Amino acid sequence: MMKIKKVDLFLTSMKLVQPFRTHQETVADRQSILVKVTDDEGHSGWGEVVAFSSPWYTEETIETAWHMLTEFFIPTIIQGEWKSPREVNEALSRWKRNQMAKAGIEMAVWDLFAKRDSVSLAEYIGGVRKEVKAGIVVSMDSPERMLSTIESRIIEGYERIKVKIDPTNDYEMLKVIKDAYPDIALLADANSAYSLKDVERLKNLDSLKLLMIEQPLAADDIVEHAELQKILSTPVCLDESIVSLHDARNAIKLGSCKVMSIKIGRVGGLANAIDIYNLCEEHDIPVWCGGMLETGISRAFHIALASLPNFTIPGDLSASSRYWEQDVIIPEVVVEHGNVKVPEGPGIGFKVDETFIEQITKRKATFHA
Ligand SMILES: O=C(O)CCC(=O)c1ccccc1C(=O)O
Ligand SMILES: [Mg+2]
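Quick caveat: nothing in here was measured; it's all calculated off a predicted structure.

Cut-offs used in this document
Residues numbered from 1 in each chain as written. Chains lettered and ligands numbered in written order. Predicted model: local features only at pLDDT ≥ 70, side-chain atom pairs only at ≥ 80, totals over all residues. Heavy atoms only, no water. Buried < 20%, exposed > 50% of the residue type's maximum accessible area, 1.4 Å probe, protein only. Helix = DSSP H or I, 4+ residues; strand = E, 2+ residues; numbered from the N terminus. Right-handed = clockwise from strand over helix to strand, strands pointing away. Pairing = 2+ DSSP bridges. Near = heavy atom within 4 Å. Polar contact = N/O pair within 3.5 Å; in protein donor to acceptor, adjacent residues only side chain to side chain. Areas by Shrake-Rupley, 256 points an atom, 1.4 Å probe, with all protein chains shown as cover. Domains from an automatic or database assignment. Contact = heavy atoms within 4.5 Å. Buried area = accessible area lost by both parts, 1.4 Å probe. Salt bridge = Lys/Arg side-chain N within 4 Å of Asp/Glu carboxyl O. Nonpolar A, V, L, I, M, F, W, Y, C, P; charged D, E, K, R; others polar.

A few words on the pairing of strand β7 (residues 160-164). Most of β7 sits out of view: five of its five residues are buried. Handedness of the crossover joining strand β6 (residues 136-138) and β7 through helix α5 (residues 143-155) is recorded here as right-handed. As paired strands, β7 and strand β8 (residues 185-189) are joined by five bridges and run parallel to one another. Each bridged residue has a counterpart across the sheet, and for V163 the counterpart in β8 is A188. In this region the chain leaves β7, passes through helix α6 (residues 171-180) and returns to the parallel neighbour β8; the handedness of that crossover is right-handed.

Right, here's the structure in full:
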């Protein structure tokens, strides 16, 4: 049994080393909500809300998440006695959606349980890999600048490259990259920039033999994605469309994708992420682990998740230094020979730098049982 005695919220702001550009939004200053839960024995666990300041990726924002946490989710979990992180996830499921806000606190509870039991989070969830494959995302830019960024990343050891595309910047830019690096594992993420009207444009990308195309259509275009996948030989990967196990089930049933990206925040927590992972394994759908321009806390969770055996495709797992001058964890995440080591220490396996967190905190709140 676990009694949660205290919850601390830190609304932080960190400058990205480079602004991150998609067709919808440019992120330069990254706000996050870092969540610390403490039990009655003095153990504590950390989680992170990966919503953005504006609702460009999903409908949540940092402020809606703050509201949900303070008014509903913290009061729901701070009074009970919990047998497992899953039980906390189920208690939160009585409230609708708001997946990233839920995930932020649910993750902290997973870290807390693993720390109390003195096992690494990876081991706690059945992870087997000692290291996981890294991957890099190159934000939208001119083809020349994207090519030179890709060159540096390849030198740093990344073997899988993802680029952002939209209808004004797709085939030609991808062709330039493919011609320069014919052997690189290349995928394109459209973040819903297309509709079925663009089917010829998308079909034209088939000749590039991309690893996959990520989220070409809108988040709720689950039926349209199935139509598109029938026409394309390139595998479709869903990102924004999958925010629950139910969504994953529908997508598989309809044939809306051949690959799925799993992000703990997007799907409302680690328990849901594991459920989606298991469902995909049952249906031979390869999965990979996404990223959210997150701090080291959420990244640590994604590293633990990616240590499960069926994460066969390198994810958006990059070094801390690709995003931040300084990360909130010690040591920071590093990529060596294209891999990230899965930490073996208890819980997330990184020390959380609370002194640094205090420095970047814009708003703080503490809740007692
Ligand atoms: O490097 C990362 O953290 C992932 C970059 C990325 O593509 C992304 C970042 C934030 C939100 C959505 C996405 C996405 O996968 O669509
Ligand atoms: Mg994506």
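Next comes the rest of the description.
In the vicinity of ligand 1, 17 residues are found, and the nearest of them are K162, K164, N191, L293 and Y323. K164 has a polar side-chain atom sitting 2.8 Å from an oxygen atom of ligand 1. When ligand 1 sits alone it has 390 Å² of accessible area, and the protein chains cover 99% of it. Two domains share the shell around ligand 1, each providing at least three of its residues, namely domain 1 (2-118 + 353-368) and domain 2 (123-341).

With that out of the way, let us pick up the domain arrangement of the chain. Many authors give the size of an interface as the accessible area that is lost as the parts come together. Along its sequence, the chain is carved into domain 1 (2-118 + 353-368) and domain 2 (123-341). On a C-alpha basis, the centres of domain 1 and domain 2 stand 23 Å from each other. Counting residues at the interface gives 42 residues for domain 1, matched by 45 residues for domain 2. Buried surface at the junction of domain 1 and domain 2, both sides included, amounts to about 3,600 Å², of which 66% is carbon and sulfur. The tally of links from domain 1 across to domain 2 stands at one salt bridge. Salt-bridge contacts for R86 lead to D275; the nearest nitrogen and oxygen are separated by 3.0 Å. Summed over the shared surface of domain 1 and domain 2, the result is 19 residue pairs in polar contact (both at pLDDT 80 or more). By residue number, the principal contributor to the side of domain 1 that touches domain 2 is helix α3 (residues 99-116), which donates eleven residues. Of the residues contributing to the side of domain 1 that touches domain 2, the split by class is 23 nonpolar, eight polar and eleven charged.

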